[in-house]
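What follows is each chain in one-letter form.
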Amino acid sequence: MDRRRFLNRAAVGALGGCFAGRSLAADGSSVPSLRELAAGRPLIGVAVPTRFESKFSAEEMTILKSQFDSVTPENCMKWDQMCPREGECRWEDGDRLVDFAIENRQKVVGHTLVFNRDSEVPEWLFLDGGKEADAKLVWERIEERAAGLMGRYKGRIDSWDVLNEFVEEKEPGYRVTKLTKALGRELPARLFKLAAGIDPKAKLTYNDYGIENPDRRKVIFEFIRSLKDEGCKVDVVGSQSHLEVADDVAGQIAATIEEFAGIGVKCAFTELDVDVVSRKLYWNQQTREEAMKQDPYKDGCPDEVLEEQAGRYRAVFQAVMADRDHVDRVTFWGLTDGHSWLNNWPWERVNHGLLFDRAAKPKPAFRAVAEVLRKA
Ligand code: GLA
């Protein structure tokens, strides 16, 4: 797009296009661009829903283009969503996202080649006519998916979440699913070797939750180290980072970055959000019902809670920027509060977990992050 068209288009949005590190808001005030402030160290990313172009307002599209270096599809590349029936894959949504990103000089995160959770892989993967598919057939289908998906976007997707949520702290050390019942603990090494063979230049990531937690980190660290010992190329460990306002994890994040750097693996914070309605009660059967009645901020989030949230984001980014060369990327799991999965998971409530509110206005959390980036 030429410069004049670019500026004209920007002018119609509430936030203007990014220009020399700043965007113009509708009221004429300037809003800095996070991607320009971070200058790629680390990359700043965002996850987008399937067919985001028809869901986002003009303001949201402007933010998407001006604030972020990289885009992650929330769902449309997941196996069950992409190929609900054998031999029938829907490529359009992924194709559109990749084209959009390239047109806007953004990178794409391939999320995710294999997700080790039964609800995220298609049923047909484990069926062979009327009987159960054997390990050989399951693996052949994985090979076919990897060749089809990674092959299609080779050179256009520079970073792949090769495997999502494999590790468990308890025995046998991984989540027991149909996938691991078929392929066992060999699955990750085979997968990473397969991925590296198909696209040797792509960054390969292992993605999981709770990596900053010291007990869990220990297990994941050993897991990654053993993959590397086996000759696998693992470039990045992705920590999902679905946080809550009260999670004081900056110190743990710093330790995580340092620890993985020691074995030549960068960290990415791949799904960052900061929930303002604690989920803790939900995870206890006894208090779940009580938790599910909570919807305290349905009419808006009080300023003091937004400030507290800003403090949490600030601390996370301070930890990241203190060791920025060992951090590949920070991705927010959603663009604006209205599009966040936190409104529905794990129960329905009006949530406020991201940097931009429902009107696509920057929140105190945005300002806090921008300030840390600017000072770094
Ligand atoms: C996990 C997965 C993501 C997504 C989020 C919730 O963290 O990695 O793909 O499903 O949960 O939206």
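Residues numbered from 1 in each chain as written. Predicted model: local features only at pLDDT ≥ 70, side-chain atom pairs only at ≥ 80, totals over all residues. Heavy atoms only, no water.

1. Some words on the nonpolar core
Stated precisely, the cut-off is as follows: We define a nonpolar core as any set of buried Ala, Val, Leu, Ile, Met, Phe, Trp, Tyr and Cys residues linked to one another through side-chain atoms lying within 4.5 Å. Partly exposed describes any residue whose relative accessible area lies between the buried limit of under 20% and the exposed limit of over 50%, with all areas from a 1.4 Å probe on protein chains only and scaled to the type maximum. The numbering of helices and of strands both runs from the N terminus, where a helix is a DSSP run of H or I of at least 4 residues and a strand a run of E of at least 2. Any pair of residues with heavy atoms lying within 4.5 Å of one another is described as a contacting pair.
Ile-142, Trp-160, Tyr-206, Ile-224, Phe-260, Phe-317 and Phe-332 are the most contacted members of the largest nonpolar core, which totals 112 residues. With 10 residues, helix H13 (residues 303-322) is the single largest residue contributor to this core. Excluding anything up to four places from it in sequence, Phe-317 contacts Ile-44, Leu-272, Val-330, Phe-332, Val-369, Val-372 and Leu-373.

2. Some remarks on the side chain of Gln-240
Relative to the elements of secondary structure, Gln-240 occurs in the loop between strand E11 (236-239) and strand E12 (242-244). Under the relative-accessibility criterion, Gln-240 is labelled buried at 4%. Each residue touching Gln-240, except ones within four places of it in the same chain, is listed here: Asn-164, Glu-165, Asn-207, Asp-208, Tyr-209, Thr-270, Glu-271 and Leu-272.

3. Quick notes on the confidence of the model for the chain
Rules: The quantity known as pLDDT measures the predictor's confidence residue by residue, on a range of 0 to 100.
For the chain, the average pLDDT comes to 93, and 92% of its residues sit at 70 or higher. Contacts from residues 1-21, a stretch scored under 50 in pLDDT, to residues over four places away or in other chains number 41 contacts.

4. Overview of the pattern of salt bridges
Between side chains of opposite charge, a pair can form when the charged atoms approach closely. Formally: Put simply, a salt bridge is a Lys or Arg side-chain nitrogen that is within 4 Å of an Asp or Glu carboxyl oxygen.
Within this structure, the stated rule accounts for 33 salt bridges. A salt bridge links Lys-280 to Asp-247, with the nearest nitrogen and oxygen atoms 3.2 Å apart. Remark: Asp-247 occurs in the loop between E12 and helix H11 (250-261) and Lys-280 occurs in the loop between strand E13 (266-275) and helix H12 (285-292); sequence separation between them is 33 residues. Taking relative accessible area as the criterion, Asp-247 reaches 18% and is therefore assigned buried. The partner of Asp-275 in a salt bridge is Arg-349, and the shortest N-O contact between them spans 2.7 Å. With Asp-275 in strand E13 and Arg-349 in the loop between strand E14 (327-332) and helix H14 (364-375), the pair connects residues that are 74 residues apart, well separated along the chain. The exposure class of Asp-275 is buried, given its relative accessible area of 1%. Taken together, the salt bridges that share partners define one network made up of Lys-78, Arg-117, Glu-120, Glu-165, Glu-168, Lys-170 and Arg-175.

5. A short note on the packing of aromatic side chains
Put simply, the rule reads: By convention, a stacked pair of Phe, Tyr or Trp rings (six-membered ring in the case of Trp) has centres within 6.5 Å and planes under 30 degrees apart, an edge-to-face pair has planes over 60 apart, and any other such pair is tilted. Lysine and arginine charges are scored as sitting over a ring when NZ or CZ, respectively, is within 6 Å of the ring centre and within 35 degrees of the ring normal.
Per the counting criterion, the structure on display carries 16 aromatic pairs. Aromatic pair Phe-356 and Phe-366: ring centres 5.2 Å apart, planes at 50 degrees, arrangement tilted. Of this pair, Phe-356 sits in the loop between E14 and H14 while Phe-366 sits in helix H14, and the two are 10 residues apart along the sequence. Each member of the pair Phe-356 and Phe-366 is classed as buried. Note that Arg-288 overlies the ring of Tyr-282, its terminal NZ or CZ placed 4.0 Å from the centroid.

6. Remarks on the packing of H13 against H14
Our working rule: Here the axes come from fitting lines to C-alpha atoms, over the contacting stretch only for helices, and the angles between their N-to-C directions go from 0 to 180 degrees. Angular relationships are summarised with four words: roughly parallel below 35 degrees, roughly antiparallel beyond 145, roughly perpendicular across 65 to 115, and oblique for the angles in between. A crossing counts as left-handed when the near helix is turned anticlockwise from the far one by less than a right angle, and as right-handed when that turn is clockwise. Each residue gets one of three labels, nonpolar for Ala, Val, Leu, Ile, Met, Phe, Trp, Tyr, Cys and Pro, charged for Asp, Glu, Lys and Arg, and polar for the others, Gly among them.
At a minimum axis distance of 8 Å, the contact between H13 and H14 shows a crossing angle of 25 degrees. Here H13 is positioned roughly parallel relative to H14, judged by the angle of their axes. H14 is crossed by H13, and the crossing has right-handed handedness. Here H13 contributes Leu-306, Glu-307, Gln-309, Ala-310, Tyr-313, Arg-314, Phe-317, Gln-318 and Met-321 to the contact with H14, which in turn contributes Pro-364, Ala-365, Ala-368, Val-369, Glu-371, Val-372 and Leu-373. Residue composition of the contact of H13 with H14, grouped by class: 11 nonpolar, two polar and three charged.

7. Some remarks on the pairing of E11
Formally: Strand pairing requires that DSSP identify at least two bridges connecting the strands. When the strands point away from the viewer and the path from the first strand over the helix to the second turns clockwise, the crossover is right-handed.
Along E11, one buried face is formed by Val-236 and Gly-238 and the opposite face, lined by Val-237 and Ser-239, is buried too. Across four bridges, strand E10 (residues 203-208) lies against E11 in parallel orientation. Looking at E11, one finds that Asn-207 is bridged to Gly-238. The β-α-β motif built from E10, the intervening helix H10 (residues 214-229) and the parallel element E11 has right-handed crossover chirality. Alignment of E11 against E13, held across four bridges, turns out to be parallel. From the neighbouring strand, Gly-238 faces E13, where its bridge partner is Ala-268.

8. Overview of the layout of surface pockets
Selection criterion: Using only the protein atoms, space was sampled on a 1 Å grid; points where a 1.4 Å probe fits but cannot get out form cavities, open sets with protein on both sides within 12 Å along at least five of seven lines form pockets, and lining residues are those with an atom within 4 Å of a point. Grid points are joined across faces, edges and corners, and a volume is the space filled by probe spheres set on the points.
Taken as a whole, the largest pocket encloses approximately 890 Å³ of empty space. Among the elements of the structure, helix H5 (79-82) and E12 are those that each provide at least two residues to the lining of the largest pocket. The element contributing the most residues to the lining of the largest pocket is E12, with three residues. Here the lining of the largest pocket is built from residues that sort into eight nonpolar, 10 polar and 14 charged.

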